[in-house]
Amino acid sequence: MRRALSVSLALTALAFVAGCGSDSMSSQPATPARTTTTVSTSPTTTVAVQKEVLGTEVDPPGASGRTLTLIRYTIAPGAQLAPHVHPGVQMASIQSGSLTYTVVSGTATVQRAPVGTGPVEPVTGPSTVTLGPGDTVIEKGDMVHFGANQTAAPVVILATLLTEDGHDLAEPVTTVPAPPPG
């Protein structure tokens, strides 16, 4: 009897502790939304880019018609994203790793670490630079760009996006614009 009571109390405590991680009154999910995008780097190799939405708000104050999103990207070694645009603006900070960053067309603003004291560089396409921990990049509107992880370690990026309501956070570009003559 005593052993059965101990097992019953242990199971009740375990159920209580497991339930503490969720909030049934909250409209937000208990765990962040995670999606994995498959990116092919060669006909025989497939690697993943993990996107973890950490928070989102539709029509935040001062930005009616926009969606504010906080996201963490983890880019596996060897992965290369397809050229894309963000329908709005994205501000991203490299948390760890080394990202090979290519601007196909348009101009990105790169703030080198430490932010606030490091140099600010406009990067106009076509151009490729390397971004490291603490570097920040601002991408606006129809600027076509992509990132690649050419190292053996994952690249982790924390980003905030302010995009048009109803649009994806990133939209692939199927035809890359030709560079301007000159």
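Look a little higher up for the structure.
Residues numbered from 1 in each chain as written. Predicted model: local features only at pLDDT ≥ 70, side-chain atom pairs only at ≥ 80, totals over all residues. Heavy atoms only, no water.

Participant: Outline the overall build of the chain, supporting the account with residue identities and numerical values.
Facilitator: Scanning the chain from terminus to terminus reveals one helix and 13 strands. When the helices and strands of the chain are placed in sequence order, the string is α-β-β-β-β-β-β-β-β-β-β-β-β-β. Counting every position in the chain, which comprises 182 residues, the buried fraction comes to 31%. When contacts within the chain are restricted to residue pairs at least 6 apart in sequence, long-range pairs at least 24 apart make up 68% of them. (Helix = DSSP H or I, 4+ residues; strand = E, 2+ residues; numbered from the N terminus. Buried < 20%, exposed > 50% of the residue type's maximum accessible area, 1.4 Å probe, protein only. Contact = heavy atoms within 4.5 Å.)

Participant: Could you give an account of the pattern of salt bridges, naming the residues involved and the relevant values?
Facilitator: Under the defined criterion, the tally for this structure stands at three salt bridges. Here Glu52 ties to Arg72 by a salt bridge, and the two come within 3.2 Å at their closest N and O atoms. With Glu52 in strand E2 (residues 45–58) and Arg72 in strand E3 (residues 66–75), the pair connects residues that are 20 residues apart, well separated along the chain. For Arg112, the salt bridge is made with Glu121, and the minimal N-O distance between the two is 3.0 Å. (Salt bridge = Lys/Arg side-chain N within 4 Å of Asp/Glu carboxyl O.)

Participant: Residues and numbers for the pairing of strand E12 (residues 155–164), please.
Facilitator: Pairing of E3 with E12 involves ten bridges; the strand directions are antiparallel. Each residue of the ladder has a partner; that of Tyr73, found in E12, is Ile157. With eight bridges connecting them, strand E5 (residues 88–96) and E12 associate as antiparallel partners. Bridging across to E12, Ser93 finds its partner in Leu158. (Pairing = 2+ DSSP bridges.)

Participant: Residues and numbers for the side chain of Thr67, please.
Facilitator: Examined against the element boundaries, Thr67 turns out to sit in strand E3. A residue is classified by how much of its surface remains accessible, and Thr67, at 12% relative accessible area, is buried. What Thr67 contacts, discounting residues up to four positions off in sequence, is Thr56, Glu57, Val58, Leu161, Leu162, Thr163 and Asp165.

Participant: Explain the environment of Val89 residue by residue, including any values.
Facilitator: One can find Val89 in strand E5. Its relative accessible area of 27% is what places Val89 among the partly exposed residues. Residues Val89 and Thr163, spaced 74 residues apart in sequence, show a C-alpha to C-alpha distance of 6.3 Å. Excluding residues within four positions of it along the chain, Val89 makes contact with Ile138, Glu139, Lys140, Thr160, Leu161 and Leu162.

Participant: An account of the side chain of Ser93 is needed here, citing residue identities and associated values.
Facilitator: By the secondary structure assignment, Ser93 is in strand E5. At a separation of 3.2 Å, a polar atom in the side chain of Ser93 contacts the side chain of Gln95. For Ser93, the contacting residues outside a window of four places in its chain are Asp135, Thr136, Val156, Ile157 and Leu158. (Polar contact = N/O pair within 3.5 Å; in protein donor to acceptor, adjacent residues only side chain to side chain.)

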